[in-house]
Amino acid sequence: MSEQKGDKKSIIQFIREVRTELKKVSWPTNKELVSYTGVVGVAVVIVCALIWVCDTAFAKLFRIILG
């Protein structure tokens, strides 16, 4: 029984500490959030295009080799 009470106390303490730390976080503004989302979107498109180009080039190369 005593272990369960200790577990509950430690969980409550953990949640309190998490709340305290979250108050210290510097949250982005809506404008920053939209900007960051755009940057991530552009990066994803560029990486997808790069993978597509490499995949296409390797596929053609293997077709030539295996011919």
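You'll find the structure just up there.
What you see is a predicted model, and the numbers here were worked out from it, not measured in a lab.

Undergrad: Even after reading the chapter, I still don't get the packing of aromatic side chains, so can you show me in this structure?
TA: The relative placement of two aromatic rings is captured by the distance of their centres and the angle of their planes. Counted under the stated rule, the structure contains 1 aromatic pair. Centroid distance F58 to F62: 6.4 Å. Interplanar angle 25 degrees. Geometry classified as stacked. Placement of both F58 and F62 in helix α2 (residues 30-66) is noted, with a separation of 4 residues, approximately one turn of the helix. By relative accessible area, F62 is classed as partly exposed at 48%.

Undergrad: How do you make sense of the pattern of salt bridges when you look at a structure like this?
TA: Opposite charge on two side chains makes pairing possible when the charged atoms of those side chains draw close. Under the defined criterion, the tally for this structure stands at 1 salt bridge. Of the charged contacts in the structure, one is a salt bridge between K24 and E21, with a shortest N-O distance of 3.3 Å. Of this pair, K24 and E21 are both found in helix α1 (residues 2-24), 3 residues apart, which corresponds to roughly one turn of the helix.

Definitions and cut-offs
- Residues numbered from 1 in each chain as written.
- Predicted model: local features only at pLDDT ≥ 70, side-chain atom pairs only at ≥ 80, totals over all residues.
- Heavy atoms only, no water.
- Phe/Tyr/Trp six-rings, centres within 6.5 Å; stacked < 30°, edge-to-face > 60°.
- Helix = DSSP H or I, 4+ residues; strand = E, 2+ residues; numbered from the N terminus.
- Buried < 20%, exposed > 50% of the residue type's maximum accessible area, 1.4 Å probe, protein only.
- Salt bridge = Lys/Arg side-chain N within 4 Å of Asp/Glu carboxyl O.

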